[in-house]
Amino acid sequence: METTLSSGTHLTSLSRTTGLAQLRAFGAIIWREYLHFVRYPTWVIAFIIWPILFPATYIFSSFALAGPSGVGVTRFLEVAGTDNFLGYIVVGTSVWMWANTLLWNVGFALRGEQMRGTLESNWMTPTSRFLFLLGSGPVHAVSMLMFFLFTVVEFRIFFHLTFNANLFSLLAVFLAALPALYGLGFTFASLVITAREANAFVFLVRGIVMIFCGITYPLAVMPPWMQAVAEWLPPTLIIRAARLAALNHASLEVIAPDLVRLLAYGAFWLALGYLTFSQIERRARLKGALNQY
Amino acid sequence: MQPQSALSQPSWRSHLRALWMIAVNNWKHHWRYPLNAVSDMLQPLVWLAPVYFMGQAFSVNGKAEGFAGFAGTDDYMSYILLGTALTNFIMAVFWGMGFSLKWDMDGGVLEANWTAPLPRPLILVGRTLSSLATTTLTSLGMILIGALVWGFHPTGNVLSAVLVTIPLLIGLYGFGFAFAALVMILREANTLVDSGSFIVMLLSGANFPVTVLPRWLLPLSLALPLTYGFDAVRGYLLKTRTLLPLNVEIAILLVSMVLMIVIGLRAFYALERRVRQLGTVGQY
């Protein structure tokens, strides 16, 4: 028996990829990320412990360096322009934590799917593949806002730390930092599905941030060549602008030069993230290596 | 008729051979991934960079005068390097020893190893030997690189400092026995290990004199034998001001060493028995 298609029937795909459908898929990806986040209750412990535990080493070290009579604080005031070294360190280490968790979460978003065996099946759906990567960002960004809130509350309770913050400027820093940091995260995530074992890359990137970006000290104490390198790294600008906004009540005009540069870096990193993703995705499909790990 | 006899004939000599093989196995496993070994050496130095520059921000002409007010020495970086080298052992116990049985579980060899005619703590003793050797080498490498970059100036008695580390490390690894069994029963304990190691490192004063801790935290720090170990080693090697007279600190270390081994072994036997009762030795 022969099966023929009548001339009046034309084949149509069941999927109808419209802008609205993509938007719905994007919402579903974000919802999935949220469910993943709240599914493992250890995140509560992490949110309570780490905001205070990670900076604690540096903070107690700074207490020791200040000395019983506070002799070290005079020198710190000279080079940092503030004697609030506690707030200075808290802002720096919080930005580092942002970069660190970004690399482990957003940076490993696709790798996680690869490990769970869902990457290939998800990529077969008629959803823009970049959305799967983009969807890992919003939940992480919101969780970091909560992390910062926990940090402020805990340091207020345990160390009586006060901030002289301009909230509007602080929010502007946060928003301006998003494209640069998440662009870096997307680039990283794309490279990770090719490299597969990427822990060493995380150590390298977060190590660079830790050494160059002045998380616990002013850049002025570094050699000139290190200062020059630091100026090219987005976390340096984020830390500097966030310190001014959180500790010195700086207005938007004061931090505007850093914000403009951050946005420029953001455009660069987002474009690089997209290009890297496109290349890696094409390469992975050609080599058929998507389900390998 | 021939009398029946077991094929295995365990003796102290066979136990020693097994111990040696376990240690060699772990030694080979560690160096099989040379990049990881190099990373173990360099990672602490990366974490030290902000500490170094922060020290510079509080120092005048390279002298940390404020720090000297608490520690009795203005050689801030030697103080930190020594603390970090000792911290490597804490990390080795928490991550290496703590997860050693879990790795065997994941690798599917724990059940097979458990059926070998060996006292089970011997498996952990073998790992302890190789862990001590590899961590000592990595820490020495780290101190060497740190000395080249930032300087390291031990002005005191090296031999006494090394002797003090012996009860300190034996006690620490005794604790590792209990911790390994706990991880084996919990199976998923990353958060516990990560935050636990960080808290112990913080409270034992790896990077600062514990006298700077707030009053509500200081008792916890003073309850840890490690605090006196760090303090005594620095006292001998860098001639820092110690919390208690050195002979008292050594006595505390010796007593805690015995206690930790006894408690560690008892906890290990109890938890290991529980895992066998639950029948989860092969599960992960």
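Given the structure is predicted, the values throughout are model-derived calculations rather than measurements.

Points about the overall build of chain B
Part 1 of the argument: Summing up its helical and strand segments, chain B has 12 helices and zero strands in all.
Part 2 of the argument: The C-alpha radius of gyration computed for chain B amounts to 21 Å, which stays within 12% of the reference 19 Å derived for 284 residues, consistent with globular compactness.
Part 3 of the argument: If one aligns the C-alpha atoms of chain B with their principal axes, the spans along those axes are about 85 × 40 × 35 Å.
Part 4 of the argument: A separation of at least 24 residues holds for 80% of the contacts in chain B among residues at least 6 apart in sequence.

Observations regarding the overall build of chain A
Part 1 of the argument: Across its full length, chain A carries 13 helices and zero strands.
Part 2 of the argument: Counted from the first residue to the last, chain A has its helices and strands arranged as α-α-α-α-α-α-α-α-α-α-α-α-α.
Part 3 of the argument: Burial status across chain A gives 41% buried among its 293 residues.
Part 4 of the argument: Taking all contacts inside chain A whose residues are at least 6 apart in sequence as the whole, residues at least 24 apart take part in 82%.

A word on the interface of chain A and chain B
Part 1 of the argument: At the interface, 35 residues of chain A touch 32 residues of chain B.
Part 2 of the argument: Elements represented by at least two residues in the side of chain A that touches chain B include exactly helix 2 (42-66), helix 3 (71-80) and helix 10 (199-212) of chain A.
Part 3 of the argument: With 15 residues, the single largest contributor to the side of chain A that touches chain B is helix 2 of chain A.
Part 4 of the argument: Here the side of chain A that touches chain B is built from residues that sort into 25 nonpolar, nine polar and one charged.

Some remarks on helix 2 (residues 34-58) of chain B
Part 1 of the argument: With 25 residues, helix 2 of chain B extends 37 Å from end C-alpha to end C-alpha; this agrees with the ideal 36 Å at 1.5 Å per step.
Part 2 of the argument: The sharpest bend along helix 2 of chain B reaches about 30 degrees and sits at Leu 48 of chain B, with the proline Pro 50 of chain B one to four residues further on.

Some thoughts on the packing of helix 4 (residues 85-105) of chain A against helix 12 (residues 234-247) of chain A
Residue and element names in this part refer to chain A.
Part 1 of the argument: At a minimum axis separation of 9 Å, helix 4 and helix 12 run at an interaxial angle of 140 degrees. When the axes of helix 4 and helix 12 are compared, the pair comes out oblique. Considering the relative orientation of helix 4 and helix 12, their crossing is right-handed. Note on element contacts: helix 12 touches helix 4 through Pro 235, Ile 238, Ile 239, Ala 242, Arg 243, Ala 246 and Leu 247, opposite Gly 87, Tyr 88, Val 91, Gly 92, Val 95 and Ala 99.
Part 2 of the argument: Grouping the amino acids of the contact of helix 4 with helix 12 by side-chain chemistry returns 10 nonpolar, two polar and one charged.

Brief notes about unusual backbone geometry
Part 1 of the argument: The phi dihedral of His 249 of chain A is positive, around 55 degrees, even though this residue is not glycine.
Part 2 of the argument: Here His 249 of chain A lies in the loop between helix 12 and helix 13 (252-287).
Part 3 of the argument: The class for His 249 of chain A is partly exposed, based on 15 C-beta atoms found within 10 Å.
Part 4 of the argument: Even without glycine at this site, Lys 239 of chain B takes up a positive phi of about 60 degrees.
Part 5 of the argument: Residue position: Lys 239 of chain B is located in the loop between helix 11 (225-238) and helix 12 (246-278).
Part 6 of the argument: Judged by the 15 C-beta atoms lying within 10 Å of it, Lys 239 of chain B is partly exposed.

A few points about the packing of helix 4 (residues 76-97) of chain B against helix 9 (residues 190-203) of chain B
All names here are of chain B.
Part 1 of the argument: Look at helix 4 against helix 9: their axes get within 10 Å of each other, and the N-to-C directions meet at 155 degrees. Taken as axis vectors, helix 4 and helix 9 run roughly antiparallel relative to one another. Our pair here, helix 4 against helix 9, has a crossing hand that is right-handed. For the pair formed by helix 4 and helix 9, the contact residues are Thr 87, Ile 90, Met 91, Phe 94 and Trp 95 on the first element and Val 193, Gly 196, Ser 197, Val 200 and Met 201 on the second.

A short note on the confidence of the model for chain B
As a note on interpretation, predicted positions should not be read in detail where pLDDT is low.
All names here are of chain B.
Part 1 of the argument: Of the residues in chain B, 95% have a pLDDT of 70 or more, and the chain-wide mean is 85.
Part 2 of the argument: Across chain B, helix 10 (residues 218-222) holds the top mean pLDDT of 94, while helix 5 (residues 100-107) sits lowest at 76.
Part 3 of the argument: Scoring the predicted complex yields pTM 0.82 and, for the interface, ipTM 0.83.

Focus: the confidence of the model for chain A
All names here are of chain A.
Part 1 of the argument: When pLDDT is averaged along chain A, the result is 86; 91% of the residues meet or exceed 70.
Part 2 of the argument: The lowest-confidence element of chain A is helix 5 (residues 109-116), averaging 78 in pLDDT; the highest-confidence one is helix 12, averaging 94.
Part 3 of the argument: Within the model, pLDDT remains below 50 along residues 1-8, and this stretch shows zero contacts once partners closer than five positions in the same chain are excluded.

Points about the environment of Ala 161 of chain B
All names here are of chain B.
Part 1 of the argument: Within the secondary structure, Ala 161 sits in helix 8 (residues 158-186).
Part 2 of the argument: Between the C-alpha atom of Ala 161 and that of Gly 229, which follows or precedes it by 68 residues, the distance is 9.6 Å.
Part 3 of the argument: Residues contacting Ala 161, with those up to four places away along its chain left out, are Gly 156, Val 233, Tyr 236 and Leu 237.

Regarding the environment of Tyr 236 of chain B
Part 1 of the argument: Mapped onto the elements of the fold, Tyr 236 of chain B is located in helix 11.
Part 2 of the argument: C-beta crowding within 10 Å serves as the criterion here: with 24 such atoms nearby, Tyr 236 of chain B is assigned to the buried category.

Things to note about the environment of Ser 190 of chain A
All names here are of chain A.
Part 1 of the argument: Assignment of secondary structure puts Ser 190 in helix 9 (residues 167-195).
Part 2 of the argument: Considered as a pair, Ser 190 and Leu 161 are 29 residues apart in the sequence and their alpha carbons are 40 Å apart.
Part 3 of the argument: In this structure Ser 190 touches Gly 273, Thr 276, Phe 277 and Ile 280, once residues within four positions along its chain are discounted.

Regarding helix 5 of chain B
Residues and elements named next belong to chain B.
Part 1 of the argument: By the burial criterion, the buried members of helix 5 are Ser 100, Leu 101, Asp 104 and Met 105. Axial view of helix 5: buried residues confined to an arc of 145 degrees, hence all on one face. Along helix 5, the residues that are exposed and aim more than 90 degrees away from the buried face are Asp 106 and Gly 107.
Part 2 of the argument: Residues of helix 5 that are buried sit in contact with helix 4, helix 6 (110-114), helix 7 (121-150) and helix 8.

What counts, and at which threshold
Residues numbered from 1 in each chain as written. Chains lettered and ligands numbered in written order. Predicted model: local features only at pLDDT ≥ 70, side-chain atom pairs only at ≥ 80, totals over all residues. Helix = DSSP H or I, 4+ residues; strand = E, 2+ residues; numbered from the N terminus. Rg over C-alpha atoms; globule rule 2.2 N^0.38 Å. Contact = placed C-beta atoms within 7 Å. Buried ≥ 20, exposed ≤ 12 C-beta atoms within 10 Å, placed from the backbone. Nonpolar A, V, L, I, M, F, W, Y, C, P; charged D, E, K, R; others polar. Expected span 1.5 Å × (residues − 1). Bend = angle between axes of the 7 residues up to and from the residue. Axes fitted to C-alpha atoms, helices over the stretch in contact; angles between N-to-C directions. Parallel < 35°, antiparallel > 145°, perpendicular 65-115°, else oblique. Left-handed = near helix turned anticlockwise from the far one by under 90°. pLDDT = per-residue confidence, 0-100. Arc of directions from axis to C-beta.

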